[in-house]
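# What the coordinates show
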Amino acid sequence: MCGIVGIVSGRKVSGMLLEAIKRLEYRGYDSVGMACIAEGRLATKKDIGKIGEVDKKVDFSSLEGTTGLAHSRWATHGGVSRKNAHPHEDCKGNISLVHNGIVENHNELKAELQKKGHFFASDTDTEVIAHLIEEHYHGNFLDAVKAALQQIEGSYALGIIHAKHPGQMVAARNESPLIIGLGKDENFIASDVPAILPYTKKVTYLGNREIALLTKEKVEVFGLDGTKRDKAVEAITWAAESAEKHGFSHFMLKEIHEQPQAIAETINGRIQETLITLAKELNFKDAELKKIERIIIVACGTSWHAALVGEFMLEELAKVPVEVEYASEFRYRDPIIPPDTLVMSISQSGETADTLAAIREAKKKKAKVISIVNVKGSSIARESDAVLYTYAGPEIGVASTKAFTSQLTVLYLLTVYLAKLRGVMPQDQVSNRIRDIRKIPLQITQVLEDKENILSLAASFSRHSNALYLGRGINYPIALEGALKLKEVSYIHAEGYPAAEMKHGPIALIDKNMPVIVVATKDTRTYKKVLSNIEEVKSRGGKIIAIASRGDHEIAKKVDHVLYIPENSYILAPLLAVVPLQLFAYYIALKRGCDIDKPRNLAKAVVVE
Ligand code: M6R
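A brief report on the enclosed structure follows. (Residues numbered from 1 in each chain as written. Predicted model: local features only at pLDDT ≥ 70, side-chain atom pairs only at ≥ 80, totals over all residues. Heavy atoms only, no water.)

## As for empty space enclosed by the protein
To be explicit about the condition: Definitions used for this entry: grid spacing 1 Å over protein atoms alone; cavity, a set of points where a 1.4 Å probe fits but cannot get out; pocket, an open set with protein on both sides within 12 Å along at least 5 of 7 lines; lining residue, one with an atom within 4 Å of a point. Grid points are joined across faces, edges and corners, and a volume is the space filled by probe spheres set on the points. Classes in brief: Ala, Val, Leu, Ile, Met, Phe, Trp, Tyr, Cys and Pro nonpolar; Asp, Glu, Lys and Arg charged; the others, Gly included, polar.
Scanning all chains against the criterion turns up three cavities of 30 Å³ or more. Here the largest cavity defines a volume of roughly 240 Å³. Lining of the largest cavity is provided by 26 residues; of these, Ser-191, Asp-192, Ser-349, Glu-351 and Val-375 occupy positions nearest its centre. A per-class count over the lining of the largest cavity returns 13 nonpolar, five polar and eight charged.

Set out below in structure tokens:
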């Protein structure tokens, strides 16, 4: 999705803007642009392509001026072209703006503005905002933006500068995220935290239908009705380096390796000896949690897979009925949410439009919402009744890895916490469960040590065009996740299935050209059944890779390749089994020369429907 950065400073800003917009490359984009004000005039450079390529062509850092904006565009309205790249200007070339979101009434507004003589240079919805501000401008920049925003329907995160107001920047937000960074003698706007991490750790979050006036000395925030808003200043705890690659060839590989630490951080502070302490964060009375009769979890993509694992954990150990819903389906289904139903959402970014809309739908129906979120201060975090953060640090690779295992960690802690509170798990079992999760960071490190083996396996499978992933019980969502990882980074078509469902259709696909990856860790219920499914694949010539529990030598006789993971309780197997699948997808994509951190057509945070 688009990235926005803006700086008002006492020093030249183009170099900083370039660095900052590069730090948002992971969001996915097709064109890039920058505008700065120098000596009372706007200068703009923009084009389609990667930031590095465009910079070579236009030399962004040659732009002079101490106030400026940069934008990386992910096309929605209007094709990928130079004229559609942001920033966009008004007719006189005084106003320049960058926008994330969609102006829903842009056709009507454009027609009216054209009647009044405005000339449009692009096919975007965004450009109408520049002309509307021009219409309303009578000397006061902030007032003109406020008046224009009254006419706009839709979502926006906006950064706006005006050549006649060189030391000012106006920012506004409705539904699309925008943060304000507070520096020393300079202030910033950004669509996402990593952009400004090298410059400041102090931020404030703009709320919906809020507008801010920034100068280098101060930031004032108002409602669209003009009322002044006092905003809390929050400290970002992420280190600037955590958004850098540190010698890894890709963020995805780095983030796979960061999982032991991410899980340890997510556990830290939530376990005291033999107790899990979530009461403060959960922000609910024990009595309320005890009487929950049902949990509905809403999420998208990888977070939806985490929800499926959570369903298994919560039903099995806490004995609460759970339903998992695609957020995008839930929001349009007029869902029934009886009293004493808890709605949970899971989101790495905290900005996924469908998930946000789903929790709003739940709240409209008077449900309480708990969210598991990685990005502090994100929209989902702010709109939920309680937040359980994952402490995975910034996840830059579009393919989610460490956020997933951190989400599973939170779901597990919550499960054990609720199980104890609801009287279905005695203390000795709580202690055992705590002992098990504490082992996970080290056990993931052990899985990572097997990477050479996974690399050579990936090399021999990289030329296939399809793959089937199978798993049962709590490992079924891991089959889905393994398939998703492979398809998004390597563009190989991959399907995940519950292993037993294979014989109801997908078995027709199996021949010697179909790699089948089976998650077959030991458990008391389904392991033997999975072995039968393996036989079914083998007898049809399929090539099988098994993810198995260390010490299981039997399985090696039945399959072509085995990747072993350390033994732990079966309920925690997903946290270990997913790691070789992440590496497998990564190495195949590497072999195929794919753009691993920014796969085609994908964006890190999907903030549009
Ligand atoms: O930020 P969220 O967790 O809400 O994002 C949900 C999905 O868009 C995300 O998990 C997506 O599927 C990833 N690309 C998966 O790797």
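## Quick word on the nonpolar core
Note the threshold: Residues enter a nonpolar core if they are buried and are Ala, Val, Leu, Ile, Met, Phe, Trp, Tyr or Cys, with the set joined through side-chain atoms within 4.5 Å. Three exposure classes are used, based on accessible area relative to the maximum for each residue type with a 1.4 Å probe and protein chains only: buried under 20%, partly exposed in between, and exposed over 50%. Strands are runs of DSSP state E lasting at least 2 residues, helices are runs of H or I lasting at least 4, and numbering of each runs from the N terminus. Two residues qualify as a contact provided that any one of their heavy atoms is within 4.5 Å of a heavy atom in the partner residue.
Leu-282, Ile-295, Ile-297, Met-344, Tyr-469 and Phe-584 are the most contacted members of the largest nonpolar core, which totals 93 residues. For this core, the element with the highest residue contribution is helix 20 (residues 573-591), accounting for 13 residues. Leaving out residues up to four positions away in the same chain, Ile-295 has contacts with Leu-314, Val-320, Pro-321, Val-322, Glu-323, Leu-342, Met-344 and Leu-418. Ranked by size, the runner-up nonpolar core spans 35 residues in total, among them Ile-21, Leu-24, Met-34 and Ala-195.

## Examining the pattern of salt bridges
In a structure, side chains of opposite charge can pair up when their charged atoms sit close to one another. Note the following rule: Salt bridges are identified by distance alone: a Lys or Arg side-chain nitrogen within 4 Å of an Asp or Glu carboxyl oxygen.
All told, the structure shown has 34 salt bridges when counted by the stated rule. Between Glu-316 and Arg-525 there is a salt bridge; the shortest N-O distance is 2.6 Å. Here Glu-316, found in helix 10 (residues 301-318), pairs with Arg-525, found in the loop between strand 25 (515-520) and helix 18 (527-538); they are 209 residues apart in sequence, far enough to count as distant. With relative accessibility at 18%, the residue Glu-316 sits in the buried group. Here the residues in one salt-bridge network are Asp-334, Glu-361, Lys-364 and Lys-365, joined through shared partners.

## Let's talk about the sheet that holds strand 6 (residues 95-100)
As a reminder, the rule being used: Paired strands, as defined in this entry, are two strands with at least two bridges between them according to DSSP.
Within the open sheet, the seven strands sit side by side as 5-6-7-8-12-13-14. Their pairing is antiparallel. Pairing within the sheet leaves two strands with one partner each, and these edge strands are strand 5 (88-89) and strand 14 (228-229). Strand direction decides the pairing type here: strand 6 and strand 7 (residues 156-162), joined by six bridges, are antiparallel. By the bridge assignment for strand 7, His-99 is matched with Leu-158.

## Here's the deal with the side chain of Ser-72
Examined against the element boundaries, Ser-72 turns out to sit in strand 4 (residues 67-73). What Ser-72 contacts, discounting residues up to four positions off in sequence, is Cys-2, Gly-3, Ile-21, Tyr-29, Ser-31 and Val-32.

## Details of the site of the ligand
Selection criterion: Near, as used in this document, describes a residue that has one of its heavy atoms within 4 Å of the molecule or strand being considered. Whenever two N or O atoms come within 3.5 Å, that pair is a polar contact, provided that in protein one can donate a hydrogen and the other can accept it, and provided that, for residues adjacent in sequence, both atoms are side-chain atoms. A 1.4 Å probe and the Shrake-Rupley method give the accessible areas. Residues count as covered only by the protein chains that appear here.
Taken together, the neighbourhood of the ligand is formed by 13 residues, with Ser-303, Ser-347, Ser-349, Thr-352 and Glu-488 sitting nearest. A distance of 2.6 Å separates an oxygen atom of the ligand from a polar side-chain atom of Ser-347. Measuring from an oxygen atom of the ligand, one finds a backbone N or O atom of Gln-348 at 2.7 Å. Starting from 410 Å² of accessible surface for the ligand in isolation, the protein chains cover 91%. Looking at the shell around the ligand, the elements with two or more residues in it are helix 10 and helix 17 (476-490). Considering each element in turn, the shell around the ligand owes the most residues, three residues, to helix 10. In the shell around the ligand, the residues fall into three nonpolar, eight polar and two charged.

## Re the packing of aromatic side chains
Our working definition: Aromatic contacts are taken between Phe, Tyr and Trp rings whose centres are within 6.5 Å, Trp giving its six-membered ring; a plane angle under 30 degrees counts as stacked, one over 60 as edge-to-face, and the others as tilted. Two conditions define a charge located above a ring, namely a distance within 6 Å from the ring centre to NZ of Lys or CZ of Arg, and an angle within 35 degrees of the ring normal.
Summed over the entire model, instances satisfying the criterion amount to five aromatic pairs. Ring geometry for Phe-188 and Tyr-199: centres 5.5 Å apart, planes at 10°, overall stacked. Of the two residues, Phe-188 sits in strand 10 (residues 186-190) while Tyr-199 sits in the loop between strand 10 and strand 11 (202-205), which places them 11 residues apart along the sequence. Residue Phe-188 is classed as buried on the basis of its relative accessible area of 0%. Ring centres 6.1 Å apart and planes at 65° place the aromatic pair Phe-461 and Phe-584 in the edge-to-face group. In this pair, Phe-461 sits in helix 16 (residues 451-461) while Phe-584 sits in helix 20, placing the two residues 123 residues apart along the sequence. For Phe-461, a relative accessible area of 6% translates into the label buried. Over the face of the ring belonging to Phe-222 we find Lys-146, whose NZ or CZ atom lies 5.3 Å from the ring centre.

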